[in-house]
Amino acid sequence: MTSADFTNLTIDPQRLWDSLMETARFGATAKGGIRRLTLSDEDRQVRDWFRRACEAIGGTVTVDDCGNMFARRPGRRNDLPPICMGSHLDTQPTGGKFDGNLGVLAALEVMRTLHASGYETNAPIEIVNWTNEEGSRFAPAMLASGVFAGAFTREFAYSREDRDGRTFAAELARIGYRGDEPVGARKIGAMFELHIEQGPILEAEGKMVGVVTGVQGMRWYEVTVRGQEAHTGATPMHLRRNALLGAARMIEAIDAIALRHTPDAVGTVGLAEVRPNSRNVVPGEVFFCVDFRHPDEAVLETMEREFRAALPATLEPLGLAFEEKRIWNSPAVQFDTEMIGCVRKGAEKAGFATRDMVSGAGHDAAYIARVAPTTMIFVPCAGGISHNEAESTSFEECGAGAQVLLEAVLAYDQRFG
Ligand code: GLV
Ligand code: MN
Ligand code: MN
């Protein structure tokens, strides 16, 4: 088959759905979601499955020393760097079946379609599974794609610890996915990432495909508030230094900062640890994490300034000390114009209504855009719900996303013909 015939290729939505449901068993939760923390035993299981599936269609799988997996199908011109399609197979602690998984398994479906038809691309094609996109076990998010793109050093990634003190490096070796290839050594010609929207816009507007033009900026902070442990019954209110009260007022302040910069700003405290966490001890220490996002860096700067001013203003009157550190700054990203055009063309050809959008969630594509032309495709998820076991994208929506991914990759491949 030649490249002129590419309009006839269609992905098999049932085969894609079966792969999604089969891999959802690795870390399946009682509520129908997935708990597959990065570098856990469940992550190893899904990686093994993915490797076998790629090898079954003749793919050559390479693993780099950050655990990123690349499955290659040669093209006519193997001197060219590959056109990549990928996302991540790790999930949140109470994650859904589609965040990340759809991007990797739809890429597998595209490669299966090419394989079954014997279609020969000009450039080689690769599927990528990026390690630790979620950042939930080892902060920050998009860690190994960040190392690949030079945003972090490999040693920084290796030294990240989970809340139990286990390191990224030790867990990577434990599950057998510390490969030989130095991370970032491989050339990428382009990367397409299909993902669920994780917000409500496509569904609300009845559009099947989001043409993603970029990713908003994100900043993460860690805060420790220190007061004094004391007996809840015997310590009068005016003599307490209650760290949890201070943290609660900061959570309120963080919410207010985001609200001041609406409609585009968001601000969240999603993780908090209270010490000693005993019902009859005035809390002596609270650790919490802050997540601020906005498409405009200047607004993020203002939000950061307001947050840093709120800390002493809120905590000092309560007799509390604090430490604060910004641990992540992922600037806003603009995707590649030519690739965006391929997504638009692909969606049109497949007959789907589109809408341009900026991603609210972080994605590996945001870092890969630093080293290669990159873009993303979104499909809807029910009620915009994600990072939730109830996350739901339909059979038709998954199939539509995979078809647009195929069309976009083949459209981009034409430039090498
Ligand atoms: C990653 O999923 C993020 O948006 O935090
Ligand atoms: Mn994701
Ligand atoms: Mn996610």
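Use the structure listed above.
Now for a quick tour of the structure. The structure displayed is predicted, hence computed values, not measured ones.

What about the packing of aromatic side chains?
Working step 1: Enumeration according to the criterion identifies 15 aromatic pairs in this entry.
Working step 2: Here the aromatic rings of Phe-70 and Trp-130 are separated by 5.7 Å at their centres, their planes lie at 90 degrees, and the arrangement is edge-to-face. Here Phe-70, found in strand 2 (residues 69–73), pairs with Trp-130, found in the loop between strand 4 (125–129) and helix 4 (143–148); they are 60 residues apart in sequence, far enough to count as distant.
Working step 3: Residue classification places Trp-130 among the buried positions, given a relative accessible area of 1%.
Working step 4: Ring centres 6.0 Å apart and planes at 80 degrees place the aromatic pair Phe-192 and Tyr-412 in the edge-to-face group. In this pair, Phe-192 sits in strand 5 (residues 190–196) while Tyr-412 sits in helix 12 (residues 395–413), placing the two residues 220 residues apart along the sequence.
Working step 5: The exposure class assigned to Phe-192 is buried, which follows from its relative accessible area of 0%.
Working step 6: Look at Tyr-412 and you get buried, because its relative accessible area is 2%.
Working step 7: A connected cluster of aromatic rings, assembled from ring pairs, spans Trp-17, Phe-98 and Phe-395.
Working step 8: If you follow Arg-160 out to its NZ or CZ, it ends over the ring of Phe-156, 3.8 Å from the centre.
Working step 9: Over the ring of Phe-70 we find Arg-186, and its NZ or CZ is 4.5 Å from the ring centre.

Some points on helix 9 (residues 297–315)
Working step 1: Between its first and last C-alpha atoms helix 9 spans 27 Å; for 19 residues at 1.5 Å apiece the expected length is 27 Å, and the two agree.
Working step 2: All of the buried residues along helix 9 are Val-299, Leu-300, Met-303, Glu-304, Phe-307, Ala-310, Leu-311, Thr-314 and Leu-315. Down the axis of helix 9, the sector holding all buried residues measures 140 degrees, keeping them to one side. Structural note: helix 9 exposes Arg-305 and Ala-313 on the side pointing more than 90 degrees away from its buried face.
Working step 3: In this structure, the buried residues of helix 9 make contact with strand 7 (217–226), helix 8 (243–260), strand 9 (266–275), strand 11 (285–294) and strand 12 (321–330).
Working step 4: For helix 9, the capping residue at the N-terminal end is Asp-296, with a side-chain oxygen 2.8 Å from the backbone nitrogen of Ala-298.

Calculation notes
Residues numbered from 1 in each chain as written. Chains lettered and ligands numbered in written order. Predicted model: local features only at pLDDT ≥ 70, side-chain atom pairs only at ≥ 80, totals over all residues. Heavy atoms only, no water. Phe/Tyr/Trp six-rings, centres within 6.5 Å; stacked < 30°, edge-to-face > 60°. Helix = DSSP H or I, 4+ residues; strand = E, 2+ residues; numbered from the N terminus. Buried < 20%, exposed > 50% of the residue type's maximum accessible area, 1.4 Å probe, protein only. Lys NZ or Arg CZ within 6 Å of the ring centre and 35° of its normal. Expected span 1.5 Å × (residues − 1). Arc of directions from axis to C-beta. Contact = heavy atoms within 4.5 Å. Polar contact = N/O pair within 3.5 Å; in protein donor to acceptor, adjacent residues only side chain to side chain.

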